[in-house]
Amino acid sequence: MTRRNRLPRRLLAALFWLLVWQLAAMGVGQRILLASPLETLARLVQLLPTAAFWRALLFSLGHILAGYALAALAGIALAALAARFGGVADLLAPLLAAMRSVPVASFVIAALIWVPSKRLSVLVCAVIALPVIYAGTLDGLRQVDPGLTEMARVFRMSRLNRLRVVTLPAALPSVSSALSVAMGLAWKSGVAAEVIGIPTGSIGEKLYKAKVYLATPDLFAWTLAIVLASSACARLLRMLLARIGKP
């Protein structure tokens, strides 16, 4: 099915679940328990013109993307070393398995001992996203045909050309998938860290206050803002990766 044909079906599916949400909210009849889509959208529209909304959004966006960038750089570099030297992969395996297994909440509480709350989301995003990016990059590098690599060496291609012509086309699909998944995880873990650490001026602080004051429309509105911001980042990332993958 083409992308153009899928779009109407996705819109209908989205409208269906919005209708279910609206009917559920009407059935409950108390917005303190469940805010409706219309109430959520109305509250988001009220928040959009305020400076506090954009300060919180930019604060969280900057810290989450900083942690994601650190994870991407470290994950790709470590995967390159692991693909080149088998001992590195064996050495990193227990550490990365532990990073994947430790609950986000447990790590956040421990991390509060090491870093101030305003830097917490950077560290948490990096730790959560790194294993995903590392595994995807390593898998992609292992898909590279050794015969093509050897041929490139025989013809004395530069390392840059080998990377562009041989390595990148083979590894990019797996790396792209890992980077996309890690972006979503970075947003989820980053906001969760902010809710626990409550750094001043963050989205996590806004969510925490909405919970304390039972402001359910605020809670839903900020959640919708997170979803939109995360989706925008993921879309920009896919556009960048598609451009890199063009011959």
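Structure first, text after, so check above.
Criteria and thresholds
- Residues numbered from 1 in each chain as written.
- Predicted model: local features only at pLDDT ≥ 70, side-chain atom pairs only at ≥ 80, totals over all residues.
- Heavy atoms only, no water.
- Helix = DSSP H or I, 4+ residues; strand = E, 2+ residues; numbered from the N terminus.
- Buried < 20%, exposed > 50% of the residue type's maximum accessible area, 1.4 Å probe, protein only.
- Contact = heavy atoms within 4.5 Å.
- Areas by Shrake-Rupley, 256 points an atom, 1.4 Å probe, with all protein chains shown as cover.
- Core = buried A, V, L, I, M, F, W, Y, C linked by side-chain atoms within 4.5 Å.
- Axes fitted to C-alpha atoms, helices over the stretch in contact; angles between N-to-C directions.
- Parallel < 35°, antiparallel > 145°, perpendicular 65-115°, else oblique.
- Left-handed = near helix turned anticlockwise from the far one by under 90°.
- Nonpolar A, V, L, I, M, F, W, Y, C, P; charged D, E, K, R; others polar.
- Salt bridge = Lys/Arg side-chain N within 4 Å of Asp/Glu carboxyl O.
- Phe/Tyr/Trp six-rings, centres within 6.5 Å; stacked < 30°, edge-to-face > 60°.
- Polar contact = N/O pair within 3.5 Å; in protein donor to acceptor, adjacent residues only side chain to side chain.

Asker: Outline the overall build of the protein chain, listing residues and values.
Answerer: Along the protein chain, the regular secondary structure elements total ten helices and zero strands. Each helix (α) and strand (β) of the protein chain, taken in turn from the N terminus, gives the series α-α-α-α-α-α-α-α-α-α. When each of the 247 residues of the protein chain is scored for burial, the buried share is 36%. For the protein chain, long-range pairs separated by at least 24 residues make up 71% of all intrachain contacts whose partners lie at least 6 apart in sequence. As displayed, the protein chain offers around 14,900 Å² of accessible surface, 69% of which is attributable to carbon and sulfur atoms.

Asker: Report on the nonpolar core, specifying residues and quantitative values.
Answerer: By size, the foremost hydrophobic cluster in this structure holds 48 residues, and its most contacted members are Tyr-68, Ile-133, Tyr-134, Leu-179 and Trp-187. If you list the elements that add at least two residues to this core, you get helix H2 (37-47), helix H3 (51-84), helix H4 (86-101), helix H5 (104-114), helix H6 (117-141), helix H8 (159-197), helix H9 (203-212) and helix H10 (216-245). Tallying contributions element by element places H6 first for this core, with ten residues. Ignoring anything within four residues of it in the chain, the contact list for Ile-133 reads Tyr-68, Ala-71, Ala-72, Gly-75, Ile-76, Ala-178, Leu-179 and Ala-182.

Asker: Which residues make up unusual backbone geometry, and what values do they have?
Answerer: Residues other than glycine seldom take positive phi values, yet Ile-198 does so here, at roughly 50 degrees. Its location among the elements puts Ile-198 in the loop between H8 and H9. In the Ramachandran plot, Leu-214 falls in the positive-phi region, its phi being about 55 degrees despite a non-glycine side chain. Mapping Leu-214 onto the fold places it in the loop between H9 and H10. Looking at Leu-214, the relative accessible area reads 54%, which means it is exposed.

Asker: Which residues make up the packing of H5 against H6, and what values do they have?
Answerer: Running from N to C, H5 and H6 point in directions that differ by 135 degrees, and their axes come no closer than 10 Å. Comparing the axis directions of H5 and H6 gives the class oblique. The element H5 and its partner H6 pack so that their crossing is right-handed. The segment H5 lies against H6, with Val-104, Phe-107, Val-108, Ala-111, Leu-112 and Trp-114 engaging Ser-117, Leu-120, Leu-123, Val-124, Val-127 and Ile-128. For the contact of H5 with H6, the class distribution of residues is eleven nonpolar, one polar and no charged.

Asker: Pulling in residues and values, what's your account of the pattern of salt bridges?
Answerer: By the definition in use, this model includes two salt bridges. Arg-43 serves as the salt-bridge partner of Asp-218, at 2.7 Å between the closest nitrogen and oxygen. Of the two residues, Asp-218 sits in helix H10 while Arg-43 sits in helix H2, which places them 175 residues apart along the sequence. For Arg-43, a relative accessible area of 23% translates into the label partly exposed.

Asker: So, the packing of aromatic side chains: which residues are in play, and what are the values?
Answerer: Between two aromatic rings, the relevant description is the distance of the centres plus the angle of the planes. Overall, the coordinates contain five aromatic pairs when judged by the stated rule. Summarising the aromatic geometry, the rings of Phe-16 and Trp-17 are spaced 5.0 Å apart at their centres and angled 75 degrees between planes, so their arrangement reads as edge-to-face. We classify Phe-16 as partly exposed; its relative accessible area is 46%. For the pair Phe-107 and Trp-114, a centre-to-centre distance of 6.1 Å together with 65 degrees between the ring planes defines the contact as edge-to-face. Using a relative accessible area of 15% as the deciding quantity, one classes Phe-107 as buried.

Asker: Residues and numbers for the side chain of Thr-216, please.
Answerer: In this structure, Thr-216 sits in helix H10. Residue classification places Thr-216 among the buried residues on the basis of a relative accessible area of 7%. Within the structure, the side chain of Thr-216 is placed 2.6 Å from the backbone oxygen of Ile-32, a separation counted as a polar contact.

Remember, this is a structural readout, not a statement about activity or role.
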